[in-house]
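These are the residues of each chain, in order.
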Protein chains: 2
Amino acid sequence: MQYIQPFQLAFQEYLERHPFQKDPRNLYVPADYIMGLGGKRLRPVLLLIGHYLFDDHFQRSLPAAMAIEVFHNFTLVHDDIMDAAPLRRGKPTVHHRYGVNAGILSGDVMLIRAYQYLLDLNRPEMLPHLLDIFNTVAIEVCEGQQLDMDFEQQEVVSIPEYLKMIELKTSVLIAGALKMGALLGGGHAEDAGRLYEFGRNMGIAFQLQDDILDAFGDPEKVGKKVGGDIAQNKKTYLYLKAMELARAGQRETLKKWFGTAVEAEREQEKISQVLAIWHELGIRPLAEAAKQTYQQAAFDALGKVQASGERKKILEQLAEDLLVREA
Amino acid sequence: MQYIQPFQLAFQEYLERHPFQKDPRNLYVPADYIMGLGGKRLRPVLLLIGHYLFDDHFQRSLPAAMAIEVFHNFTLVHDDIMDAAPLRRGKPTVHHRYGVNAGILSGDVMLIRAYQYLLDLNRPEMLPHLLDIFNTVAIEVCEGQQLDMDFEQQEVVSIPEYLKMIELKTSVLIAGALKMGALLGGGHAEDAGRLYEFGRNMGIAFQLQDDILDAFGDPEKVGKKVGGDIAQNKKTYLYLKAMELARAGQRETLKKWFGTAVEAEREQEKISQVLAIWHELGIRPLAEAAKQTYQQAAFDALGKVQASGERKKILEQLAEDLLVREA
């Protein structure tokens, strides 16, 4: 994805010029640690591309891109505590490395810093509107995380409830980043709204693809073993669709496997049996179709954006690379 | 303290008209629970008085007062998790009642809502300045909490380090509330700065008084048993001053008692022995003198504020009631 490199490099350079590192060390070292774990920096890059659609000087929006990335990393730190996750991007999570208290407090200070970066933009005339978008998105992300935790305890979760949860937990931040970038670049409210829709639908399609790849992907390409979600009893789109369509016997088998923790030596048996049922029910094509619907909605929204076709091509290409080629 | 009732009542009414209560319930019920535990509502009241010094219509600043109170309650929720505190205002803490995950996530959403209230003020021309004050204070409060946790693990803490910690952890929020209120009421930057100094010094004096009362107060008046800080090995001003002045034998005794957890049946013996050393070293008058210094600095700063003497009287009276009469 070389075509997003200018945005990635500009962001990376800004990030390196703005470490948290200062006293008290126990507060800021964990923040620098998580910010340094890397990743594609997708959200800040999308914000910068949103700006670039309407104005050359996307660098002026770097503080807003930083706000989005710092916020995203704050959610990773706190979510990892709540999910008791030991690893993040192959490295120990913040609370595993520095303790739960450090995770809580460093996360808090990151959330506050995100707001400080919005102020550092030095666009006072835009601040109320930006803050409103940012607050709305931030609250929705918390609500999505709550729904995700609620669903773990809940016997029945409907597909619309699941889609709402992934929209809140992951899509609205992508959507909000694009919208903020568009407005900062001088795009009209209508186009900013279309980019929000592009991001929102792309985010949902991306999560559905994640669900599909986890069960049916090529472990070589996906970079993790197949069936991880099944092993962890995750109520993904695949599971929920299967529960919706299953005959009584299949439903009992699924409920049995997803109802308890399974000893390590029976994990493979569990994954095989669950996948067999999903094949019988034709879950994969149904999930692919759902993903396709959101993907199409994303491209439709992007198509209506009044901006240079050449620049819109960057987003089209990125969506395709993330949603199609990786599959 | 009847003279602050108009501000308390206005705030209480605003609070009741703005519950968090909506879905997902598991996210918002804990937030309403902590906001409903009550207290004097000192911080929002100070913000409203700060406004009233310069303008009659203090009600216009109610959303900013709410931002301060919601932020304060967010810190209580997260601090109680970090301090493993079971009780808050005599009731179960949020994480004891709803679980640690609920405490983390509800706290997060409260912090975001605080920013939303700053936006709800609908004073766009003031927003950059207000946000800057609020962010600075919020970051300092996190730093203060970190220092407080660091000090627990630290063998030696100097008195200036301790004073810095309590300034960050508790005083700057009081100071910031007054400053924001003054600016919102149309006060000049200089006067807002003086009110910040008043609040900052008052906050430090108030914490020193807390330390003194815990060891030497009348349990009837203070409402809790004497020596709680000693029982919990808290490194208060009294302890640090005693360690500074102690002869070798006294220092060993203090280190012994503060170095380990003590069985319940020896707690009274510990408190008596520690208090005896503090009496020998004359710690109480030294702490009173330190408190007096900050108190005087607070009154001096207030004296210079260019506002109606009658209205300033409210703050003078409040500081006296909090700092003198309760002692």
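Residues numbered from 1 in each chain as written. Chains lettered and ligands numbered in written order. Predicted model: local features only at pLDDT ≥ 70, side-chain atom pairs only at ≥ 80, totals over all residues. Heavy atoms only, no water.

Undergrad: Would you mind going over the pattern of salt bridges with me for this structure?
TA: Oppositely charged side chains can pair when the atoms bearing their charge come close. Residues and elements named next belong to chain A. Within the structure shown, the criterion is met by 35 salt bridges over all chains. A salt bridge links Asp80 to Arg88, with the nearest nitrogen and oxygen atoms 2.8 Å apart. Close ionic contact of Asp229 with Lys234 constitutes a salt bridge, the shortest N to O distance being 3.9 Å. Salt bridges here are not isolated pairs; linked through shared partners, they connect Lys164, Glu167, Glu197 and Arg200. (Salt bridge = Lys/Arg side-chain N within 4 Å of Asp/Glu carboxyl O.)

Undergrad: How should I be thinking about the interface of chain B and chain A in this particular structure?
TA: One widely used convention gives an interface's size as the accessible area the parts lose upon coming together. With 36 residues of chain B in contact, the opposing surface of chain A contributes 36 residues. Inspection of the region where chain B meets chain A yields two salt bridges. Lys22(B) is the partner of Glu143(A) in a salt bridge, and the nearest nitrogen-oxygen pair spans 3.2 Å. Looking at the side of chain B that touches chain A, the element that brings in the most residues is helix H7 (residues 127-153) of chain B, giving 14 residues. When grouped by side-chain class, the residues that make up the side of chain B that touches chain A number 22 nonpolar, seven polar and seven charged. (Contact = heavy atoms within 4.5 Å. Helix = DSSP H or I, 4+ residues; strand = E, 2+ residues; numbered from the N terminus. Nonpolar A, V, L, I, M, F, W, Y, C, P; charged D, E, K, R; others polar.)

Undergrad: Explain the packing of helix H4 (residues 62-82) of chain A against helix H7 (residues 127-153) of chain A here, please?
TA: Residue and element names in this part refer to chain A. In the contact formed by H4 and H7, the axes pass within 12 Å of each other and the chain directions differ by 20°. In terms of orientation, H4 lies roughly parallel with respect to H7. The hand of the H4/H7 crossing is right-handed. Contacts between H4 and H7 involve Ala67, Ile68, Phe71, Thr75, Asp79 and Met82 from the former and Phe134, Ala138, Val141, Gln145 and Met149 from the latter. The residue makeup of the contact of H4 with H7, split by class, is eight nonpolar, two polar and one charged. (Axes fitted to C-alpha atoms, helices over the stretch in contact; angles between N-to-C directions. Parallel < 35°, antiparallel > 145°, perpendicular 65-115°, else oblique. Left-handed = near helix turned anticlockwise from the far one by under 90°.)

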